[in-house]
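# Overview (structure and organization)
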Amino acid sequence: MNGLSVSELCCLFCCPPCPSRIAAKLAFLPPEPTYAIVPEPEPPGNASNNSLWSGTLARWKLHLADRADFQYAQRELDTIEVFLTKSGRGNRIGCMYVRCAPGARFTVLFSHGNAVDLGQMSSFYISLGTRINCNIFSYDYSGYGVSTGRPSEKNLYADIDAAWQALRTRYVISPENIILYGQSIGTVPTVDLASRYECAAVILHSPLTSGMRVAFPDTKKTYCFDAFPNIEKVAKITSPVLFIHGTEDEVIDFSHGLALYERCPKAVEPLWVEGAGHNDIELYSQYLERLRKFLSQELAQRT
């Protein structure tokens, strides 16, 4: 979330406000793409209609730019699969599947923050999945990375729907083995999907209540033109929800996480990280400890 001046806010919320403009101004900061994906040549002797090299199951190769700052070697890079799928709004969506833990019970469908793309997140996904014994599936929002189109609230919802369907069909993973994880702006599509589909669990990392409440902290109600209304959807989630928020978050105030937690009937014991900001929660030891306990103990007890 980027800060706005008083004059910009006045212009932004002129009558009548446009939800797509609110969303674009408050949320989306796509970086210059840090990766590319290219189709792999079909092996000699394979028929052109071989399903692995045609249609939605085409094989693609990931090329990372130096800006991606990849922290691992070729062996880890080889665990990453990339491909394109199409959203219901006609955009091509870049997807990434990281096989961190062969045979793992859970796959995390990760919706990342607003100023990164899959290339920049790839090292973190390998690190996280290895440490919590999960595979990681992620995607880039429209207008991010190799994904086409422009970032918007409606595209966010279509993008995660496309990712969910790709994970379900391409990798044949059932909902009871999928954990939805949203970070910052990524909590918006995560909450929306979780309010419509049941899954193993939901993790909301530095979530926002709504766009208006970020721009105007004193806002007490949800207006018809408000963007990203997590506060109106979180009570519809039927899966266990773990909230994670830093008490010194300078971008999305801690009060947002607390308000969503209090509104969510399926919330489990939250992780409020004392002294943490918006982008450093992962550096605190409590972060991995809480995730491991949630996955290996609390979710295991539900089966």
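Residues numbered from 1 in each chain as written. Predicted model: local features only at pLDDT ≥ 70, side-chain atom pairs only at ≥ 80, totals over all residues. Heavy atoms only, no water.

Further remarks concern helix 9 (residues 254-263). Within the sequence span of helix 9, burial applies to F254, H256, G257 and L260. Along helix 9, the residues classed as buried sweep out an arc of 160° about the axis, all on the same side. Structurally, helix 9 contributes buried residues whose contacts are with helix 7 (211-215), helix 8 (230-233), strand 9 (241-246) and strand 10 (271-273). (Buried < 20%, exposed > 50% of the residue type's maximum accessible area, 1.4 Å probe, protein only. Helix = DSSP H or I, 4+ residues; strand = E, 2+ residues; numbered from the N terminus. Arc of directions from axis to C-beta. Contact = heavy atoms within 4.5 Å.)

Another aspect to go through is the sheet that holds strand 10. The strand order 3-4-6-5-7-8-9-10 describes an open sheet built from 8 strands, whose pairing is mixed. Two strands close off the open sheet at either side, each with one partner strand: strand 3 (80-86) and strand 10. Neighbour-to-neighbour, the strand axes of this sheet turn through a mean angle of 15°, independent of strand direction. Bridge analysis of strand 8 (residues 201-205) against strand 9 gives 4 bridges, and the strand direction is parallel. If you follow I203 over to strand 9, its bridge partner there is L242. Along the sheet, helix 6 (residues 187-194) contacts strand 5 (107-111), strand 6 (135-139), strand 7 (178-183) and strand 8; its crossing angle with strand 7, the most-contacted strand, is approximately 145°. (Pairing = 2+ DSSP bridges. Axes fitted to C-alpha atoms, helices over the stretch in contact; angles between N-to-C directions.)

So, about the pattern of salt bridges. Overall, the coordinates contain 7 salt bridges when judged by the stated rule. A salt bridge links R99 to E81, with the shortest nitrogen-to-oxygen separation between them at 2.7 Å. In this pair, R99 is assigned in the loop between strand 4 (92-98) and strand 5 and E81 in strand 3, connecting sequence segments 18 residues apart. In this structure, R290 engages E298 in a salt bridge whose closest nitrogen and oxygen atoms are separated by 2.7 Å. (Salt bridge = Lys/Arg side-chain N within 4 Å of Asp/Glu carboxyl O.)

Glancing now at the nonpolar core. Among the nonpolar cores identified, the biggest contains 42 residues, and L109, F137, L180 and F228 are the most heavily contacted of them. For this core, the secondary structure elements donating two or more residues are strand 4, strand 6, helix 5 (153-170), strand 7, helix 6, strand 8 and strand 9. Those residues within four positions of F137 in sequence are excluded, and the remaining contacts are F83, C95, M96, Y97, T107, V108, L109, F110, A163, A166, L167 and Y171. In terms of nonpolar packing, the next biggest core, distinct from the first, is built from 38 residues, Y35, Y181, L242 and V273 among them. (Core = buried A, V, L, I, M, F, W, Y, C linked by side-chain atoms within 4.5 Å.)

Within the fold, C264 resides in the loop between helix 9 and strand 10. Distance in space between the C-alpha atoms of C264 and T238 is 9.4 Å, their sequence separation being 26 residues. Once residues within four sequence positions are removed from consideration, C264 is found in contact with V234, V241 and F243.

Remember, this is a structural readout, not a statement about activity or role.
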